[in-house]
Amino acid sequence: MDTGKKKQRSSDIDAHLKRAFRELEQEALPERLTELLNRLRSQDQEADEPSSEDGEAPSARQALQVSAGGGRA
Amino acid sequence: MKPKDPKDELVDHLPALRAFALSLTRNGAAADDLVQDTVVKAWSNFDKFETGTNLRAWLFTILRNTFYSGRRKAQREVADVDGIFTNSLAEKPAHDGRMQMSDFMKAFNKLPEEQREALTLVGANGFSYEEAAGMCGVAIGTIKSRANRGRAKLTELLGLGENEELEMTDGATMAVLAANGGSHF
């Protein structure tokens, strides 16, 4: 195959792949992912606010543990 | 203008991260677990992210490293048991016998993992060879070679002759895609 055709074929394949992946990206995100993000944001906000109680703000890992309780199969 | 907080941008990259996770795991539940772990790792390490650099590449690298380190532990590859990677792709009308997207992705799934990964990064996500090489920790030439071998293998698996065109889809569907903002294809 000559170089021009090869380039065209490569570009067609890449275009197919782009389209296939864009289709996958159109799927709704699982709730547990959006919930996890919300939880992480809340934790950050709590950590930024002066606390009236002792204790550290929960870590991102702890947010995952909470999320995993209601999410992971 | 103050740069946008990468934490706020994370959500914009989740769909692409999930698609990448699906291409690596070929399993819906495993992909979601992988994205979840990636989000947590990224969140804990945002202080290490260099503002102004490519956030998506940074997130993809975390996801990829998480996948391979997890797999090293498990020592097994999860198959596309629920067919989510191929079946989730919408079927297009086949009245003129042109190739279906699901056929294309079935062939894609048969590629060796390294070639699939290179094509996912460079072909599907538009990363440069340099970026993809950095993400995979290999030389640029290695990524180029993997991507080119992947394209050649795909052509072979799809049984395409030298002069055959790889049609995107039929005209009617292209019109629908264009009407829905997919005109760049």
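You'll find the structure just up there.
Quick summary incoming for the structure in this document. (Residues numbered from 1 in each chain as written. Chains lettered and ligands numbered in written order. Predicted model: local features only at pLDDT ≥ 70, side-chain atom pairs only at ≥ 80, totals over all residues. Heavy atoms only, no water.)

1. With respect to empty space enclosed by the protein
Now for step 1: As enumerated under the stated definition, the model contains two cavities of 30 Å³ or more in all.
Now for step 2: Its volume calculated, the second largest cavity comes out at about 40 Å³.
Now for step 3: Forming the walls of the second largest cavity are A:L24, A:E25, A:E27, A:A28, A:L29, B:P15, B:R18 and B:A19.
Now for step 4: Only α1 (3–25) of chain A together with α1 (6–25) of chain B provide two or more residues apiece to the lining of the second largest cavity.
Now for step 5: Broken down by element, the residue count for the lining of the second largest cavity peaks at three residues, all from α1(B).
Now for step 6: Classifying every residue of the lining of the second largest cavity gives five nonpolar, no polar and three charged. (1 Å grid on protein atoms, 1.4 Å probe; cavity = no way out; pocket = protein on both sides within 12 Å on 5 of 7 lines; lining within 4 Å. Points joined across faces, edges and corners; volume = space filled by probe spheres on them. Helix = DSSP H or I, 4+ residues; strand = E, 2+ residues; numbered from the N terminus. Nonpolar A, V, L, I, M, F, W, Y, C, P; charged D, E, K, R; others polar.)

2. What about unusual backbone geometry?
All names here are of chain B.
Now for step 1: Positive phi values are uncommon outside glycine, yet R26 reaches one of about 55°.
Now for step 2: Relative to the assigned elements, R26 resides in the loop between α1 and α2 (28–44).
Now for step 3: Under the relative-accessibility criterion, R26 is labelled buried at 14%. (Buried < 20%, exposed > 50% of the residue type's maximum accessible area, 1.4 Å probe, protein only.)

These results come straight from atomic positions and should not be treated as a statement about function.
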